[in-house]
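# Inside the fold
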Amino acid sequence: MLEVVKLACARGDRPLFRDLSFALAPGELLHVRGENGSGKTTLLRALCGLSQPAAGDVRWDGRSIREQPETYREQLCYIGHGNAIHGDLTPVENLQFEACLGAEDHIEAKPALESQGLGRVASLPAKLLSQGQKRRVALARLAVLERALWVLDEPFTALDTRAVDRLLATLARHLDRGGLCILTSHQEVTVADWQVRTLTLG
């Protein structure tokens, strides 16, 4: 269970939002919407513990994430605006490197990349890939890192229609297993057989 309690965030001296509260239970997806500059990315970074809110608290299983940072990170997969992949490494090596950082015992990198339609480029340096392919390499982390909570900032950016459908299917499987997801997107989000909750900032 993720709980947000009276959260307030600001950018410099400008308040973005305040008194924001919600809870997310297993099998739920929250779609955060709002105009550019409304604080969507700032909210996600606060939920991940990457920045400190001006007020309020983020809780995981009833405890503040500040009290249990390592336990919380073990349950979290965050994919931000940037793909955070190394251009000189292949997609396979990028996923293996990510797994090492997360202390995963074993991952199946190639099947994860094939599920994203990247089987033919799995051994090329990532710097040679298109923007859409790089985004799919980043999203392949969802298939290899076993995390309960996914926090995704504009995950559909640079994806073609087929890749969007793959991601929506991946989200459905995650929710079906009792996972939680919070994502931002300017487009409508429909996940088969699941009700998507919406939070609008600004």
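Because the structure is predicted, anything quoted here is derived from the model rather than measured.

Another point: the pattern of salt bridges. The final tally for this structure, using the stated rule, is 7 salt bridges. Here Arg-33 makes a salt bridge to Glu-188, at a shortest N to O gap of 2.9 Å. Note that Arg-33 is positioned in strand 3 (residues 29-34) and Glu-188 in the loop between strand 8 (180-184) and strand 9 (196-201), a separation of 155 residues in sequence. Looking at Glu-188, the relative accessible area reads 57%, which means it is exposed. In this structure, the salt-bridge partner of Arg-59 is Asp-57, at a minimum N-O distance of 3.4 Å.

So, on to the nonpolar core. Ranked by internal contacts, the top residues of the largest apolar core, which has 39 residues, are Leu-29, Leu-95, Leu-113, Leu-142, Leu-152, Leu-171 and Val-191. Counting residues per element, the ones that place at least two in this core are strand 6 (76-79), helix 3 (91-101), helix 4 (109-115), helix 5 (131-139), helix 6 (141-144), strand 7 (149-153), helix 7 (161-176) and strand 8. Looking at this core element by element, the count peaks at 7 residues for helix 7. Sequence-distant contacts of Leu-142, that is, excluding residues within four places in its chain, are made with Cys-77, Ile-79, Trp-150, Leu-152 and Leu-167.

We now examine the sheet that holds strand 3. The 5 strands lie next to each other as 6-7-8-3-9, forming an open sheet whose pairing is parallel. Since the sheet does not close on itself, it has two edges, and those belong to strand 6 and strand 9, each with one partner. Taken pair by pair, the neighbouring strands of this sheet meet at an average axis angle of 15 degrees, ignoring direction. Direction of pairing for strand 3 relative to strand 9: parallel, over a ladder of 6 bridges. The residue of strand 9 that forms the bridge with His-31 is Thr-198.

The next thing to look at is helix 1 (residues 40-47). Taking burial as the measure, the 8 residues of helix 1 include 6 buried ones, the bulk of the element. Turning to helix 1, its buried residues number three or more, namely Lys-40, Thr-42, Leu-43, Leu-44, Ala-46 and Leu-47.

With that out of the way, let us pick up the state of the cysteines. Taken as a whole, this structure holds 0 disulfides when the rule is applied. Take Cys-9: it sits in no disulfide, and the sulfur closest to it among the cysteines is that of Cys-48, at 12 Å. Here Cys-9 falls in the buried class, since its relative accessible area comes to 4%. Here Cys-77 is not disulfide-linked; the sulfur of Cys-48 is the nearest cysteine sulfur, at 9.2 Å.

Another point: the side chain of Arg-135. With respect to the secondary-structure elements, Arg-135 resides in helix 5. No salt bridge is formed by the buried Arg-135. Its closest oppositely charged neighbour is Asp-153, at 6.7 Å. For Arg-135, the contacting residues outside a window of four places in its chain are Ile-79, Gly-80, His-81, Gly-82, Asn-83, Asp-153, Glu-154, Pro-155, Thr-157 and Leu-159.

The subject of this paragraph is the side chain of Lys-134. Residue placement: Lys-134 occurs in helix 5. Look at Lys-134: it is buried, it has no salt bridge, and the nearest opposite charge is Asp-88 at 10 Å. For Lys-134, the contacting residues outside a window of four places in its chain are Asn-83, Ile-85, Ala-126, Lys-127 and Leu-129.

Each value, and the rule that gives it
- Residues numbered from 1 in each chain as written.
- Predicted model: local features only at pLDDT ≥ 70, side-chain atom pairs only at ≥ 80, totals over all residues.
- Heavy atoms only, no water.
- Salt bridge = Lys/Arg side-chain N within 4 Å of Asp/Glu carboxyl O.
- Helix = DSSP H or I, 4+ residues; strand = E, 2+ residues; numbered from the N terminus.
- Buried < 20%, exposed > 50% of the residue type's maximum accessible area, 1.4 Å probe, protein only.
- Core = buried A, V, L, I, M, F, W, Y, C linked by side-chain atoms within 4.5 Å.
- Contact = heavy atoms within 4.5 Å.
- Pairing = 2+ DSSP bridges.
- Axes fitted to C-alpha atoms, helices over the stretch in contact; angles between N-to-C directions.
- Disulfide = S-S within 2.5 Å.
- Lys, Arg positive; Asp, Glu negative; His and termini not counted.

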